Amino acid sequence: MSRALDPFVIMAYRQFRRFLRTKARVVTSILNPIIWIAFFGLGWANAFNFPMAKAIFGGVDYLTFLTPGVTAMAVFTASFIGGVTVIWDKQFGFLKEVLVAPASRTGIILGRIFGDAVIAVLQGLAIMALSFAIAHNLNPYGVLPALAYAFILALGFTSAGVTLALKMTSMEGFQMVISLLMMPLIFLSGAFYPIKFMPDWMKWVAYINPLTYAVDGMRHYLSGVSTFNPLTDLAVLCVITAAFMALASKLFEKATID
Amino acid sequence: MTEYAVVAEGLVKKFGSITAVAGVSFKVRYGEIFGFLGPNGAGKTTTIHMLATLLKPTAGDAWVAGHHIVKESDAVRRSIGVVFQDPSLDSELTAYENMYIHGKIYGMSGEELRYRIEEMLRFVELYEHRNRLVKYFSGGMRRRLEIARALLHKPKVLFLDEPTLGLDPQTRAHIWEYIRRLRDEGGVTIFLTTHYMDEAEELCDRLAIIDHGKIIAEGTPNQLKRLVGSDVIYLKVRAVNGAPNPCDALSAPPVMECKPLREGMIALKVSDATQAIPVILEKAASMGLKVAEVSYRKPTLNDVFLYLTGREIREEEGSEADFLKHVIRVRRFRRR
C-alpha cells in the first residue's frame, strides 16, 4: 500500500524542493497580488469611501470585497503557471526519466499536481495574511473554508496547466496561451467588481468561468457576501477540477517521448 | 528467449513517411557488452527508445530480459536502466536528491535505498559531491551521475545511448573504465550505441554496424575487421581517358578483393601491404592508371564501415555547423 503511494509522495516532494530552490518564482508569485491589493485596492478603496458605495459591493467596503478575489487570483495564477514545470521537464529531459520508470503514471502526475497545488495555496495564504492586515472587516473564521475552496481551485488549474503543457512543446507557446487566457479569466471572475453590474454578455462569460465560483465561495466565507450559494460554488468547482485532473492523468498515461 | 538479454525480430519504426529503423534483428547475450555502431541518424537512438518501451514499434517484436516490449512494458521497465543521449537529470536538485527520487519511483525505500545510493555514488566517484546541485556539475559528472542513477535499482540490462558524446578524452576513458568494471563484476548486460569507432572497439564484446536503419554487419570487432582483410591499401586513381576500370585492372593476386569507394578511391584487400604495394603500383603503371595517392593500414572498424558502405562514418558527423543543422532537424522532427 505504502509502496503504491511512493510515486505520488515523491513527486509532490520534488515539486516542493524545486519550488523552494527557484526563489524568483516565490517572489514574483507573491509580489503580483501585493501590487494589486496595494495600488489597485487602496486606490479604489478611497474613491469608494462614501456611504452609498457599500451597496455596490453587497454591503461591505471595497477592500473587504476585493481581498478574497485577489487571494483567489493569486492561487489561480500560481497554479495555472505551474504547468510550465512540465515544459521544463520536457526540455531538460527529466520527463524521459519519469516515462521510462515502472511506476504508476497516474500516481506520478497526480503527485506532482498535488505538490504544485499545495504550493499555490501557500502563496494564497500569504496574500490572505496581508489582506487581514489591510482590510479590517474580514472574517477570521472564514479562513479555513476559504483555503479549502482555494485548494480545489488550485488542483483544477494545476491540472489544466499540466494538460496544456503536455500538449505544447515550447516555453514561449505555453506562456502565450497562458497569458492570453489568464487576464480575461481574472477580469471576468468578479474578483475586482461585482458580476451583477456586468453587461449581459460578460455575465454569461463569468458564469462559465470556473474562477468565478472560487472567488464567490471564498468571498462568502471571508467577507460574508456572495452571488451564488456557496454549496453551488463548491459543486461547480469540484466537477471542473475532477474533469481537469482526469484529463491530465489520461494525457500523461498516453505520453511518449516524441 | 531465456539465454538472451535482448532479442529483436524485424523491428521497424516509421515516423510518417520517414523510416528511422527498417527492420533490425539481433540478439544480445546476458553479461556481454553489445554495441550499435553507426553514423548519426542511422536509427540507433530510435532502436533504444523502442527497446526501452518509450516508442511503440511500427512492426516487429522484441524481448528485453524475457519480456515483450509492448505487451509486458512494465516488466521491461523494471528490468532496465537507461542513460539517454540527452541529459535527463533534474538540475535544480542535488545529486543525492536525484538518486533518492529515482529510487522511490522504482519502489525502493529505507536503509536499502540509502545504502544503494551511497554504493552507486561511490562507484562513479561522486559521493563527495552528493549535496551539490546538479546544475553546477560538469558534463562528465552529469553523465556519471546518470550512469549511477540508471544502475540504482539493479537493472538486468543497461542501455547507454552515446555514453561519451561531447566529453573530453580523459572523461571518456574514465567512463569506459566504469562500463568495463560493470561487465567484469558481473550481473548487468550492456547495450550501447556509439558513432565513435574507438569506443566500439574498446568496449564491445560484439557489435552490429547499422546504417540507414539496417544492420549491415554483426560480430566481434575482430570478426568484423577480418571482413576487410589483414591489410588494406587505399589508392586514389586519377581519371584518364582510355584507362581501364581500376578494379578490373588490379583484381589479381596479391589483391584478394577490390572495392571502389567515392571520388576515385579504391580499397584493396591484401595479406601483406608492404610487399603488395610495389607490385600493384607497377601493374597500375603498365595499365595506364595514374595513381595520385597511396596509403595502407591495419584495418580498423572505420575501414569496415568504409568497406561496407563506401563512406566514412565520420563524414556524417561533419563540421560544427552541420552538427547544429542535425540538431535542429532532430528537434523539428520530434515536434511533429
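Placed above this text is the structure.
Residue numbering note: each chain is counted from 1, following its sequence as written. Each chain takes a letter, starting from A, and each ligand takes a number, starting from 1, following the order in which they are written. Only residues with pLDDT of at least 70 are given local features in this predicted model, and only at 80 or more are side-chain atom pairs given and counted; all residues enter the totals for whole chains, interfaces and linings. Derived side-chain values reflect all non-hydrogen atoms in the structure, with water molecules and hydrogen atoms excluded from consideration.

Draft legend 1. Spatial organisation of the interface of chain B and chain A. Taken residue by residue, the interface counts 33 residues in chain B and 26 residues in chain A. Summed over both partners, the accessible area (1.4 Å probe) lost when two parts come together is defined as the buried area. Summing both sides of the interface, chain B and chain A together bury roughly 2700 Å²; the carbon and sulfur share of this comes to 60%. Together, Leu-54, Glu-92 and Ile-105 of chain B form the three largest contributors to the area buried by chain B at its contact with chain A, with a combined 23%. Between Lys or Arg on one side and Asp or Glu on the other, a salt bridge is scored when a side-chain nitrogen of the former is within 4 Å of a carboxyl oxygen of the latter. The interface formed by chain B and chain A contains six salt bridges. The shortest N-O distance in the salt bridge between Arg-21 of chain A and Glu-97 of chain B comes to 3.0 Å. Pairs of N or O atoms are called polar contacts if they sit within 3.5 Å, as long as, within protein, a hydrogen donor faces a hydrogen acceptor (for residues adjacent in sequence, only side-chain-to-side-chain pairs). At the boundary of chain B with chain A, the tally comes to seven residue pairs in polar contact (both at pLDDT 80 or more). Where helices and strands are cited, they refer to DSSP runs of H or I of at least four residues and of E of at least two residues respectively, numbered from the N terminus. Listing elements by their share of the side of chain B that touches chain A, those giving two or more residues are helix H2 (73-79), strand S6 (80-83), helix H3 (95-105) and helix H12 (320-335) of chain B. Here the element with the most residues in the side of chain B that touches chain A is H3 of chain B; it accounts for seven residues. Under the convention adopted here, Pro, Cys and the residues Ala, Val, Leu, Ile, Met, Phe, Trp and Tyr are nonpolar, Asp, Glu, Lys and Arg are charged, and Gly plus all remaining residues are polar. Per-class residue counts for the side of chain B that touches chain A are 15 nonpolar, seven polar and eleven charged. Every residue pair with non-hydrogen atoms within 4.5 Å of one another is taken to be in contact.

Draft legend 2. Local environment of the sheet that holds strand S13 (residues 265-270) of chain B. All names here are of chain B. Pairing between strands is defined by DSSP: at least two bridges between them are needed. Strand order across the open sheet formed by four strands is S12-S13-S11-S14, with antiparallel pairing between neighbours. Every other strand in the sheet has two partners, leaving strand S12 (257-260) and strand S14 (290-297) as the edge strands with one partner each. Pairs of neighbouring strands in the sheet enclose a mean axial angle of 20°, with direction left out of account. Sheet analysis places strand S11 (residues 231-238) next to S13, joined by six bridges and oriented antiparallel. Think of each axis as a best-fit line through the C-alpha atoms, taken over the contacting stretch in the case of a helix, with angles from 0 to 180 degrees between the N-to-C directions.

Draft legend 3. Inspection of unusual backbone geometry at higher detail. All names here are of chain B. If you check the backbone angles, Thr-53 has positive phi at about 70° while not being a glycine. Structurally, the position occupied by Thr-53 is in the loop between helix H1 (44-51) and strand S4 (59-64). Even without being a glycine, Ala-65 presents a positive backbone phi close to 50°. Counting through the fold element by element, Ala-65 comes out in the loop between S4 and strand S5 (67-68). Exposure categories follow from relative accessible area, calculated using a 1.4 Å probe and restricted to protein chains: below 20% of the type maximum is buried, above 50% is exposed, and the middle band is partly exposed. On the basis of relative accessible area, Ala-65 is assigned to the buried category, the value being 9%.

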